[in-house]
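Residue-level listing of the chains:
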Amino acid sequence: AVQRGTWAGLLELCASDPQLHPALGLHPVYLQRHRVEDIQALADQINRHGPVAIGEIGLDYHYNLSPPETQREVFRKQIRVARRLGLPLIIHHRVSDPQARFVASGTLKDCLFPGAPSRSFQRILSGDGAEISLTAVMPKDLVARFSSLF
């Protein structure tokens, strides 16, 4: 679930089936709907419900819906929550690769990218000891291009 208003529904759905496992986060596209207290609410929900990851979080400069500085700050805060609680991240970044690398460099251990992180982003994360997963939504040509790194 990518915004606070949807967390309860996802948690309820996952509680109904032991094979479902939630991830909670504050997606950058919905940043205008998030409030300052949502970061603490995220940590509280994680402590209470034990999701398997924080996400989908990150940076999205494609739609220009919120200031990049605000996106970076919310991203950093969620990375801190993930580090403190030992959870992997599901990272979203679009038209923001250099900024996402800068924000994430030296901070991540496990990541799942719904799409294709750039080769340079992958190298930074791999050098940090990160485990990187790429989702099935990647086009076939990108899977082939990035498979040589793993």
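Peer 1: Would you take a moment to explain the nonpolar core for this structure?
Peer 2: Considering soluble globular proteins, one finds that nonpolar side chains tend to be buried as a cluster. With 22 residues, the main nonpolar core has Trp7, Leu42, Ile46, Ile54, Phe75, Val81 and Leu89 as its most contacted residues. Residue assignment for this core shows that the elements contributing at least two residues are helix 1 (4-15), helix 2 (38-49), strand 2 (53-60), helix 3 (68-85) and strand 3 (89-94). Apart from residues lying up to four places away in sequence, Leu42 is in contact with Trp7, Leu24, Gly25, Ile54 and Gln78.

Peer 1: I tried to follow the environment of His21 on my own but got confused; where do I start?
Peer 2: Topologically, His21 is positioned in the loop between helix 1 and strand 1 (23-24). His21 sits in the exposed class, given a relative accessible area of 52%. The spacing of His21 and Gly50 is 29 residues in sequence and 9.0 Å in space, taken between C-alpha atoms. Not counting residues up to four positions away in its chain, the partners in contact with His21 are Cys14 and Val52.

Peer 1: Looking at this structure, I do not really get unusual backbone geometry. What am I missing?
Peer 2: Negative phi values dominate among residues other than glycine, just as trans dominates among peptide bonds. Omega for the peptide link from Gly55 to Glu56 comes to 10°, which places this bond in the cis form. Within the secondary structure layout, Glu56 lies in strand 2. A positive phi angle is found at Asn64, which is not glycine, with a value near 55°. For Asn64, the position within the fold is in the loop between strand 2 and helix 3. For Asn64, a relative accessible area of 60% gives the class exposed.

Peer 1: Explanation requested: the side chain of His27 in the structure shown.
Peer 2: Mapping His27 onto the fold places it in the loop between strand 1 and helix 2. A polar contact of 3.5 Å, which involves the side chain of His27, links it to the side chain of Glu56. Excluding residues that lie within four positions of it along the chain, His27 makes contacts with Val2, His34, Glu56 and His92.

Peer 1: I tried to follow the packing of helix 1 against helix 2 on my own but got confused; where do I start?
Peer 2: For any two helices packed against each other, the geometry is given by the interaxial angle and the distance between the axes. Look at helix 1 against helix 2: their axes get within 11 Å of each other, and the N-to-C directions meet at 10°. One finds that helix 1 runs roughly parallel with respect to helix 2. Contacts between helix 1 and helix 2 involve Arg4, Trp7 and Leu11 from the former and Asp38, Ala41, Leu42, Gln45 and His49 from the latter. Each residue belonging to the contact of helix 1 with helix 2 can be placed in one class, and the counts come to 4 nonpolar, 2 polar and 2 charged.

Peer 1: Hey, could you run me through the environment of Leu85 in this one?
Peer 2: Tracing the chain through its elements places Leu85 in helix 3. Measuring from C-alpha to C-alpha, the distance between Leu85 and Ile54 comes to 9.9 Å, with 31 residues separating the pair along the chain. Apart from the residues within four sequence positions on either side, Leu85 is in contact with Ala43, Ile46 and Asn47.

Each value, and the rule that gives it
- Residues numbered from 1 in each chain as written.
- Predicted model: local features only at pLDDT ≥ 70, side-chain atom pairs only at ≥ 80, totals over all residues.
- Heavy atoms only, no water.
- Core = buried A, V, L, I, M, F, W, Y, C linked by side-chain atoms within 4.5 Å.
- Buried < 20%, exposed > 50% of the residue type's maximum accessible area, 1.4 Å probe, protein only.
- Helix = DSSP H or I, 4+ residues; strand = E, 2+ residues; numbered from the N terminus.
- Contact = heavy atoms within 4.5 Å.
- Polar contact = N/O pair within 3.5 Å; in protein donor to acceptor, adjacent residues only side chain to side chain.
- Axes fitted to C-alpha atoms, helices over the stretch in contact; angles between N-to-C directions.
- Parallel < 35°, antiparallel > 145°, perpendicular 65-115°, else oblique.
- Nonpolar A, V, L, I, M, F, W, Y, C, P; charged D, E, K, R; others polar.

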